[in-house]
Amino acid sequence: MEAVPSEWEFSCDLEVDYESQEIASIVYLALDVDKELQPDKVKRQMTVSDGKLSVHFEGVEARFLRASFSAFVDVLTLATKTVEEFGKGMEL
């Protein structure tokens, strides 16, 4: 019996260590509202644990995965810089 290829052939993982569960959760909540524009081509799963934001991406083609990952890193950078600049003393 021949193995059936997975539709989600390409994947990558990203982990950011904020060294704070609170900051990782704030960034997670800020990014979680932005859903994938093409969910039939790219999937993104995020989790927060021990002060780390972990993100797993899967895509049907490398170009969709690359575009999604790149856009995500842009908003991740913005969210992180915002929390660093204005988040001192913020609470969930």
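Owing to the predicted nature of the structure, the values given are computational and were not obtained by experimental measurement.

### Points about the layout of surface pockets
Point 1. In this structure, the largest pocket occupies an estimated 250 Å³ of space.
Point 2. Looking at the largest pocket, it is lined by 13 residues, and the ones nearest its centre are Lys35, Glu36, Leu37, Ser68 and Ala71.
Point 3. Mapped onto the lining of the largest pocket, the elements with two or more residues apiece are β2 (42-49) and α2 (62-86).
Point 4. Looking at the lining of the largest pocket element by element, the count peaks at 6 residues for α2.
Point 5. Per-class residue counts for the lining of the largest pocket are 7 nonpolar, 2 polar and 4 charged.

### Quick notes on the side chain of Ser25
Point 1. Topologically, Ser25 is positioned in helix α1 (residues 21-32).
Point 2. Here the side chain of Ser25 touches Gln21 through a polar contact of 2.9 Å, landing on its backbone oxygen.

### Observations regarding unusual backbone geometry
Point 1. Positive phi is not limited to glycine here, since Glu19 has a value of about 60°.
Point 2. By the secondary structure assignment, Glu19 is in the loop between β1 (10-17) and α1.
Point 3. Of note in the backbone geometry, Asp50 takes a positive phi value of approximately 55° without being a glycine.
Point 4. Relative to the helices and strands, Asp50 resides in the loop between β2 and β3 (52-59).
Point 5. Judged by its relative accessible area of 70%, Asp50 is exposed.

### Topic: α2
Point 1. Across its 25 residues, α2 extends 36 Å between first and last C-alpha, which sits within 8% of the 36 Å expected from 1.5 Å per residue.
Point 2. Looking at α2, one finds that the buried residues are Phe64, Leu65, Ser68, Phe72, Leu76, Ala79, Thr80 and Val83.
Point 3. Buried residues along α2 sit against β1, α1, β2 and β3.

Criteria and thresholds
- Residues numbered from 1 in each chain as written.
- Predicted model: local features only at pLDDT ≥ 70, side-chain atom pairs only at ≥ 80, totals over all residues.
- Heavy atoms only, no water.
- 1 Å grid on protein atoms, 1.4 Å probe; cavity = no way out; pocket = protein on both sides within 12 Å on 5 of 7 lines; lining within 4 Å.
- Points joined across faces, edges and corners; volume = space filled by probe spheres on them.
- Helix = DSSP H or I, 4+ residues; strand = E, 2+ residues; numbered from the N terminus.
- Nonpolar A, V, L, I, M, F, W, Y, C, P; charged D, E, K, R; others polar.
- Polar contact = N/O pair within 3.5 Å; in protein donor to acceptor, adjacent residues only side chain to side chain.
- Buried < 20%, exposed > 50% of the residue type's maximum accessible area, 1.4 Å probe, protein only.
- Expected span 1.5 Å × (residues − 1).
- Contact = heavy atoms within 4.5 Å.

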